[in-house]
Each structure stands twice: as C-alpha cells, then as structure tokens.
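A structural walkthrough
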Amino acid sequence: MSALLLILLSAVLVNVMALTRLPSWRPFEAVTGTFKGAQGLAIASLLAIPLVAAISWSLSTWVLKPNGLGYLRTFVFVIVAVAVVPVVELIMRRDGRLQPQRPGFTLLVTTNSAVLGIALMVDARMQNIVDAVSFSVAMAVALGFLMLAFAAMHDRLQHADVPSVFRDAPLALVSAGIMALAFMGFTGLIQE
C-alpha cells in the first residue's frame, strides 16, 4: 500500500510532465483563455490519459513484448490515443454538462504530448496494471491542476497593469517559467 501511495505522490509532486519533461509544450495556449475551457480540457485529459495508459500498457506487456514487436510501441500507442480520444469527446458531449467549446477539441487532446508521454512512461516504469493506472490518474490530475492554474492566472493577468510589450506570449512564458521553477523545488523529495 505504501508503494502505491509513493507512486501517486511521486507522480503529482515530482513528475509534473507539463513543466519538467516537456518544456516547449503548452496545452493552455489553445484554450480560449477562460477557466471553463481549461476545465473541459482538464476533464477530457483526466478521462483520456488513464484509458490510453492502461490500454497501451496492456498491449505492450501482453502483445508487443512477448512477440518481439517492441519497436512498434510508439506507433501502437499513437493509434490507441487516436482511437480513445474521440470516444472521450463523445462521452463529454453526451453528458452535456461540459461541452467542448471548440471544433478541434479532439485534435487538441489527441496531439497533447502528455497523452503519449505518459503512456510511454507507464510502459517503461510500471510493473503491473494497478501501478500503471494509478500513475496515469495522478499525472492526469496534476496536468489538470496545471491547466486550471494557468487558465486562472491568464484570466487574472488580462486585467493586470502589464506593459504592452510583455502581454500575451511573453507574460505566459515568464509565468510558466516561474511555475516550473516552483515545481522543480519538489525534485528529489521522493527517491525513486
């Protein structure tokens, strides 16, 4: 049980994929700037990432590795992501409470680097399906928290007295850098 809690805490605090692994990745860029748009993207990620990670880990462990097809891992994981994300969007549209606001919502979640990155990390690091799903859920929660934090910060900074030269992209990059430094403070908190 303590190993499972260690995996969850490690995923949330240390392995914040959006800030420490992929510095050029900005999913909040495509969000309309509203907190509600970021909320829909966070919920879609929370649904899609664990599904993709579980299916990818299962395929890799029970089909690809035993048959010596490990070189097809990335290709298969991309196909799984492309198949799962439209189903997640369909579920969100049917639910009706959270409507994706953009026509390219499926493309946005599918091309999200975290979906493929977490599937690859789960395949490389996790030994069983429970660890894989727990890790991917924790990473999806951390990613959702980051998207909501960036959207809230973006909304607040739109009304701040910022020189015109630093508005929009420069301000977002500086803010992302400061948040990345804050999260890097958790590095080494939990030994892997």
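Attention here is on the structure that accompanies the text. (Residues numbered from 1 in each chain as written. Predicted model: local features only at pLDDT ≥ 70, side-chain atom pairs only at ≥ 80, totals over all residues. Heavy atoms only, no water.)

**A closer look at the side chain of Ser45**
To keep things clear, this is the line we draw: Numbering of helices and strands runs from the N terminus; a helix is a DSSP stretch of H or I covering at least four residues, while a strand is a stretch of E covering at least two. Classification of residues uses two cut-offs on accessible area relative to the type maximum, computed with a 1.4 Å probe and protein chains only: under 20% is buried, over 50% is exposed, and between them is partly exposed. Two residues qualify as a contact provided that any one of their heavy atoms is within 4.5 Å of a heavy atom in the partner residue.
Its location among the elements puts Ser45 in helix α3 (residues 35–64). Judged by its relative accessible area of 0%, Ser45 is buried. Not counting chain neighbours up to four residues away, the residues in contact with Ser45 comprise Pro50, Asn112, Ala140, Leu143 and Met147.

**Thoughts on the nonpolar core**
Short version of the rule: Buried Ala, Val, Leu, Ile, Met, Phe, Trp, Tyr and Cys residues that are joined via side-chain atoms within 4.5 Å together make up what is termed a nonpolar core.
Ranked by size, the top nonpolar core spans 30 residues in total, and within it Ile49, Val52, Val88, Ile118, Val122, Met126 and Phe135 carry the most contacts. Of all elements in the fold, only α3, α4 (73–95), α6 (113–125) and α7 (129–158) reach the threshold of two or more residues within this core. For this core, the leading source of residues is α3, giving 9 residues. By size, the runner-up hydrophobic cluster in this structure holds 5 residues, among which are Leu146, Phe150, Ala176 and Met179.

**Describing helix α8 (residues 169–184)**
Going by this rule: In this scheme, a helix's expected span is set at 1.5 Å multiplied by one less than its residue total.
Compared with an ideal rise of 1.5 Å per residue, which puts 16 residues at 22 Å, α8 spans 22 Å between its outermost C-alpha atoms and is within 8% of the ideal. Looking at α8, one finds that the buried residues are Leu171, Ala172, Ser175, Ala176, Met179, Ala180 and Phe183.

**Regarding the packing of aromatic side chains**
Geometrically, a pair of aromatic rings is defined through the distance of the ring centres and the angle of the planes. Note the following rule: The criterion for an aromatic pair is that two Phe, Tyr or Trp rings (for Trp, the six-membered ring) have centres within 6.5 Å, with stacked assigned to planes under 30 degrees apart, edge-to-face to planes over 60 apart and tilted to the rest.
Counting across every chain of the model gives 1 aromatic pair. Taking 5.6 Å as the distance between ring centres and 80° as the angle between the ring planes, the aromatic pair formed by Trp57 and Trp62 counts as edge-to-face.

**Comments concerning the packing of α7 against α8**
Here is the rule we go by: Under this scheme, a helix contributes an axis fitted over its contacting stretch, all axes are lines through C-alpha atoms, and angles between N-to-C directions fall in the 0 to 180 degree range. For classification purposes, an angle smaller than 35 degrees is called roughly parallel, one larger than 145 roughly antiparallel, one from 65 to 115 roughly perpendicular, and anything else oblique. Rotating anticlockwise by less than a right angle from the far helix to the near helix defines a left-handed crossing, while the corresponding clockwise rotation defines a right-handed one. The classification used treats Ala, Val, Leu, Ile, Met, Phe, Trp, Tyr, Cys and Pro as nonpolar, Asp, Glu, Lys and Arg as charged, and all other residues, Gly among them, as polar.
α8 packs onto α7 with a crossing angle of 135° between their chain directions and a minimal axis gap of 11 Å. If you check the angle between α7 and α8, you find them oblique. Read as a crossing pair, α7 and α8 show a hand that is right-handed. Across the interface between the two elements, Phe145, Leu146, Ala149, Phe150, Met153 and Leu157 from α7 touch Leu171, Ser175, Ala176, Met179 and Phe183 from α8. Its residues assigned to classes, the contact of α7 with α8 comprises 10 nonpolar, 1 polar and no charged.

**Concerning a nonpolar patch on the surface**
We count it as follows: Candidates for patches are residues over 30% relative accessible area with no salt bridge; among them, like charges are joined within 9 Å and nonpolar side chains (Val, Leu, Ile, Met, Phe, Trp, Tyr) within 5 Å. With residues, only the protein chains shown are counted as cover, and all accessible areas are computed by Shrake-Rupley using a 1.4 Å probe. Throughout this description, the term salt bridge denotes a Lys or Arg side-chain nitrogen within 4 Å of a carboxyl oxygen of Asp or Glu.
Together, Leu46, Val137 and Val141 give the surface a local cluster of nonpolar side chains, amounting to about 200 Å² of exposed area. With respect to the helices and strands, Val137 occurs in helix α7.

**Describing the pattern of salt bridges**
Counted by the stated rule, this structure contains 2 salt bridges. Residues Asp123 and Lys65 are paired through a salt bridge, measuring 3.6 Å at the closest nitrogen-oxygen approach. Here Lys65 lies in the loop between α3 and α4 and Asp123 lies in helix α6, a separation of 58 residues in the sequence. Given the relative accessible area of 4%, Asp123 is considered buried. Residues Arg73 and Asp123 are paired through a salt bridge, measuring 2.8 Å at the closest nitrogen-oxygen approach. A residue pair is termed long-range when its members are at least 10 positions apart, and Arg73 in helix α4 and Asp123 in helix α6 qualify at 50 residues. Under the relative-accessibility criterion, Arg73 is labelled partly exposed at 27%.

**Notes on the packing of α3 against α7**
Where α3 meets α7, the closest approach of the two axes is 8 Å, and the angle between their N-to-C directions is 160°. With respect to each other, α3 and α7 are oriented roughly antiparallel. As for the relative orientation of α3 and α7, their crossing is right-handed in sense. A per-class count over the contact of α3 with α7 returns 21 nonpolar, 5 polar and 1 charged.

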